[in-house]
Amino acid sequence: MHVHLYERIWMWAASALIVMFLGVIVLTAVTQAVQPPSHVETVDPTNLSAVPEFAEPAVRTLADGRIVVSVLAGMFAFAPDPIEVPANVPITFRLTSQDVVHGFQVVGTNANAMAIPGYVSQFTVTFAKPGEYTIACNEYCGLMHHAMVGKLVVK
Ligand code: CUA
């Protein structure tokens with residue numbers, strides 16, 4: 001079968017691109033540990049009651065003074081709710097889910113992460129402005145997804 005020269009060039013170029021893209025995925029996965037958004041901490045989603053911070057999700061002050069909020073997302077609520085934290089202090093959020101993937105977005109701030117069953121998503125954020133913030137689930141998680149909201153109170 002005769003394939004025109006230009007056609008062959010394009011076929012080889014397209015194939016080379018595909019190989020390159022796949023190579024980049026493998027390379028970043030291996031060398032830069034590109035993973036689900038998290039610091040790659042896992043937790044057994046079927047046995048969260050055995051993990052104290054998620055068995056009783058709450059705002060905690062650690063011995064070194066850091067404030068850590070463990071949040072358990074589930075259909076269709078966040079725990080704890082409301083979350084009360086002080087202003088102008090770094091707050092570390094640790095999220096996981098007990099069922100499906102949920103979102104955790106503090107509306108009007110850059111606090112935004114996914115709560116993924118089996119993973120602990122962690123981020124640290126400082127809220128400069130006291131007030132009440134809405135926490136929205138921004139991943140479609142089921143029939144009542146639109147009603148999955150929580151409250152963050154910054155004092
Ligand atoms: Cu939880 Cu949408």
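Residues numbered from 1 in each chain as written. Predicted model: local features only at pLDDT ≥ 70, side-chain atom pairs only at ≥ 80, totals over all residues. Heavy atoms only, no water.

Draft legend 1. Quick peek at the sheet that holds strand 11 (residues 149–154). Overall, mixed pairing links the five strands, which are arranged 5-11-10-7-8 in an open sheet. Among the strands making up the open sheet, the edge pair consists of strand 5 (83–85) and strand 8 (112–115). For this sheet, the mean inter-axis angle between neighbouring strands, taken without regard to orientation, is 25°. Relative to strand 11, strand 10 (residues 131–136) runs antiparallel, the two sharing six bridges. Bridged to Ile135 within strand 11 is Gly150. (Pairing = 2+ DSSP bridges. Helix = DSSP H or I, 4+ residues; strand = E, 2+ residues; numbered from the N terminus. Axes fitted to C-alpha atoms, helices over the stretch in contact; angles between N-to-C directions.)

Draft legend 2. Expanded view of the pattern of salt bridges. One pass over the full model with this rule turns up five salt bridges. Ionic pairing is found between Arg94 and Glu41, a salt bridge with its closest N-O pair at 2.7 Å. Residue Arg94 is found in strand 6 (residues 90–97), and its partner Glu41 is found in strand 1 (residues 41–42); the two are separated by 53 residues along the sequence. Residue Glu41 is classed as partly exposed on the basis of its relative accessible area of 25%. In this structure, the salt-bridge partner of Arg66 is Asp64, at a minimum N-O distance of 3.1 Å. Salt bridges sharing common partners tie together Glu41, Glu53 and Arg94. (Salt bridge = Lys/Arg side-chain N within 4 Å of Asp/Glu carboxyl O. Buried < 20%, exposed > 50% of the residue type's maximum accessible area, 1.4 Å probe, protein only.)

Draft legend 3. The arrangement of the side chain of Arg94 in detail. Look at Arg94 and you get buried, because its relative accessible area is 11%. A polar contact is formed between the side chain of Arg94 and the side chain of Glu41, at a distance of 2.7 Å. For Arg94, the side chain forms a polar contact with the side chain of Gln122, separated by 2.6 Å. (Polar contact = N/O pair within 3.5 Å; in protein donor to acceptor, adjacent residues only side chain to side chain.)

Draft legend 4. Expanded view of the environment of Gly150. For Gly150, the location among the structural elements is in strand 11. For the pair formed by Gly150 and Ala77, sequence separation is 73 residues and the distance between their alpha carbons is 6.9 Å. What Gly150 contacts, discounting residues up to four positions off in sequence, is Phe78, Asp81, Tyr133, Thr134 and Ile135. (Contact = heavy atoms within 4.5 Å.)

Draft legend 5. Expanded view of the confidence of the model for the protein chain. With 95% of its residues at a pLDDT of 70 or more, the protein chain shows a mean pLDDT of 92. Strand 1 is the least confidently modelled element of the protein chain, averaging 88 in pLDDT, while strand 10 averages 97, the highest of any element. (pLDDT = per-residue confidence, 0-100.)

Draft legend 6. How the structure looks around a nonpolar patch on the surface. On the surface, Leu5, Tyr6, Ile9 and Trp10 cluster together into a nonpolar patch covering about 530 Å² of accessible area. If you trace the backbone, Trp10 turns up in helix 1 (residues 5–31). Since its relative accessible area comes to 65%, Trp10 is described here as exposed. (Patch = residues over 30% accessible without salt bridge, like charges linked within 9 Å, V, L, I, M, F, W, Y side chains within 5 Å. Areas by Shrake-Rupley, 256 points an atom, 1.4 Å probe, with all protein chains shown as cover.)

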